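# Structure at a glance
The residues making up each chain are set out below.
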Amino acid sequence: MTEIPDRFEPPERFLMGPGPSAVNPRVLRAMAAPVIGHLDPATFDMMNELQDMLRQIFRTSNDLTYPVSGTGTAGMETALANVLEPGDVAIALVSGMFAERMREIASRYGADVVTVGGEWGVPVDPRDVAAALDQHPNAKAVCAVHTETSTGLRQPLQEIGRICADRGALFLVDAVASLGGMEVDTDGWGIDVCYSGSQKCLSAPPGLAPITFSDRAFAAMEARKKPPSTFYLDAMLIRRYVGTERLYHHTAPVSMLYALHEALRLVLEEGLEARWRRHEEIGGELLAMLEERGFRPVPPEGYRAPQLACVWLPEGFEDRPNRTRLLQEFGIEVAGGLGQFAGKVWRVGVMGESCNRDYVKALAEGLDQLLAG
Ligand SMILES: *Cc1c(COP(=O)(O)O)cnc(C)c1O
């Protein structure tokens with residue numbers, strides 16, 4: 001039998017992976033407040049404020065905007081399951097693992113998925129999206145990942161959004177690793193469904209996935225022949241809880257909502273532009289520091305997400321033993337590669353509260369010792 005200590009004390013860590021990021025003490029304190037009911041009028045007041053803050057951060061006037069109970073993947077599944085019906089054609093823009101996950105989920109919900117791109121770390125050319133829509137004029141949706149966390153790629157979205165709007169396809173965007181860390185302009189870029197995650201650039205604990213649906217997306221959901229096969233993530237049912245009806249659907253995780261509420265307040269106190277600039281600046285310093293030490297960025301110049309450096313390891317530099325030492329001797333967490341990049345890259349994040357010069361300096365010092373052998 002395992003010996004259970006009096007309590008679990010997490011070790012001190014510099015969280016420099018692709019999430020979770022460091023959580024501000026104000027957010028941790030908010031989470032420790034007494035639990036109240038999910039149908040309490042005070043909870044609804046808090047939910048209204050939370051939805052209002054989410055609209056500001058997503059830059060949208062969409063009515064249907066709420067935090068999904070679950071992590072980023074629950075946001076992804078909500079977007080795909082609610083918009084797509086069996087037999088619909090969906091076009092997936094693939095530059096890494098999370099786009100492949102979108103494609104997998106879309107096909108599990110019965111969509112016929114057409115892939116554009118497919119090479120990890122390579123941005124998708126908007127002209128290829130236009131060509132795919134010409135070939136599949138009945139496509140219902142185009143699915144893209146804004147910051148592809150498996151490769152560090154930033155996919156520009158504005159032009160693709162215009163192409164989708166021109167051709168009447170819904171534009172579904174994964175902003176899990178970008179919202180709160182770089183510009184996301186849901187309405188301005190013609191995005192119909194945009195979702196994120198609480199534990200990346202928003203710097204709340206993992207467990208919620210903010211999502212927003214345009215009127216066009218809403219109309220497509222209303223016109224469905226059948227409700228989606230998921231009950232838990234059915235947006236039309238959840239709308240009756242987060243909207244004016246206040247009907248029970250599932251018990252809202254109120255402590256998590258307290259945390260996200262406070263984390264969003266911090267985002268707006270700093271200001272969106274200032275926050276993007278901070279990520280741009282410190283992300284630039286992080287990459288320069290890594291390049292000085294022989295790490296090379298995976299995505300081409302102009303397509304790198306500042307908040308997540310995905311870098312090839314220097315010749316002879318081992319993945320696992322070095323990550324283990326970094327964690328155990330320096331308390332620094334970075335991530336290795338996923339899938340085809342396993343053992344070949346490191347993914348180093350400066351997201352939200354983790355985006356600061358002390359963290360970059362701590363990592364530089366740790367790396368210097370590892371590189372000295
Ligand atoms: C982290 C991440 C996800 C998945 O989020 P989970 O919180 O791990 O479920 C999806 N997409 C992108 C781009 C991510 O970075």
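Residues numbered from 1 in each chain as written. Predicted model: local features only at pLDDT ≥ 70, side-chain atom pairs only at ≥ 80, totals over all residues. Heavy atoms only, no water.

Enumeration according to the criterion identifies 22 salt bridges in this entry. A salt bridge links Asp88 to Lys140, with the shortest nitrogen-to-oxygen separation between them at 2.9 Å. You can see Asp88 sitting in the loop between helix H3 (72-83) and strand E3 (89-94) and its partner Lys140 sitting in the loop between helix H5 (126-135) and strand E5 (141-145), a full 52 residues away along the chain. Like Lys140, Asp88 is buried. Between Arg127 and Asp125 there is a salt bridge, with its nearest N and O atoms 2.7 Å apart. Members of the salt-bridge network, linked through shared partners, are Arg26, Glu262, Arg265 and Glu269. (Salt bridge = Lys/Arg side-chain N within 4 Å of Asp/Glu carboxyl O. Helix = DSSP H or I, 4+ residues; strand = E, 2+ residues; numbered from the N terminus. Buried < 20%, exposed > 50% of the residue type's maximum accessible area, 1.4 Å probe, protein only.)

Predicted confidence across the protein gives a mean pLDDT of 97, with 100% of residues reaching 70 or more. Highest mean pLDDT in the protein belongs to strand E9 (residues 193-195) (99); lowest belongs to helix H8 (residues 235-242) (97). (pLDDT = per-residue confidence, 0-100.)

Attention shifts here to the site of the ligand. Around the ligand sit 13 residues, and of these Thr71, Thr73, Thr149, Asp174 and Lys200 come closest. Residue Thr73 places a side-chain N or O atom 2.6 Å away from an oxygen atom belonging to the ligand. Within the contact set of the ligand, an oxygen atom lies 2.7 Å away from a side-chain nitrogen or oxygen of Gln199. A total of 380 Å² of accessible area belongs to the ligand in isolation, and the protein chains cover 89% of it. Ranked by residues supplied to the shell around the ligand, first place goes to H3 with three residues. Considered class by class, the residues forming the shell around the ligand number five nonpolar, six polar and two charged. (Near = heavy atom within 4 Å. Polar contact = N/O pair within 3.5 Å; in protein donor to acceptor, adjacent residues only side chain to side chain. Areas by Shrake-Rupley, 256 points an atom, 1.4 Å probe, with all protein chains shown as cover. Nonpolar A, V, L, I, M, F, W, Y, C, P; charged D, E, K, R; others polar.)

Our focus in this paragraph is the domain arrangement of the protein. What the domain assignment reports for the protein is domain 1 (14-19 + 271-372) and domain 2 (25-268). Centre-to-centre, using C-alpha coordinates, domain 1 lies 26 Å away from domain 2. Carbon and sulfur atoms make up 62% of the area that domain 1 and domain 2 hide from each other, which totals about 2,300 Å². Considering only the surface of domain 1 that becomes buried against domain 2, Leu272, Trp276 and Tyr303 emerge as the three largest contributors, covering 25% of it. Our count for the domain 1 to domain 2 interface comes out at one salt bridge. (Domains from an automatic or database assignment. Buried area = accessible area lost by both parts, 1.4 Å probe.)

A few words now on the sheet that holds strand E11 (residues 296-297). Two strands in a sheet stick together by hydrogen bonds in their backbones, pointing the same way (parallel) or opposite ways (antiparallel). One open sheet accounts for four strands, arranged E11-E12-E15-E14; its pairing is antiparallel. Two strands lie at the open edges of the sheet, namely E11 and strand E14 (335-336), each paired on one side alone. Across the sheet, helix H10 (residues 272-292) touches E11, strand E12 (308-312) and strand E15 (345-349), and the angle it forms with E12 is around 15°. (Pairing = 2+ DSSP bridges. Contact = heavy atoms within 4.5 Å. Axes fitted to C-alpha atoms, helices over the stretch in contact; angles between N-to-C directions.)

Here the focus is the pairing of E5. Extensive coverage of E5 is indicated by the burial of five of its five residues. Taking every second residue as pointing to the same face, both faces of E5 are buried, with Ala141, Cys143 and Val145 on one and Val142 and Ala144 on the other. Relative to E5, E3 runs parallel, the two being bridged by three bridges. Of the residues in E5, the one forming a bridge with Ala90 is Ala141.

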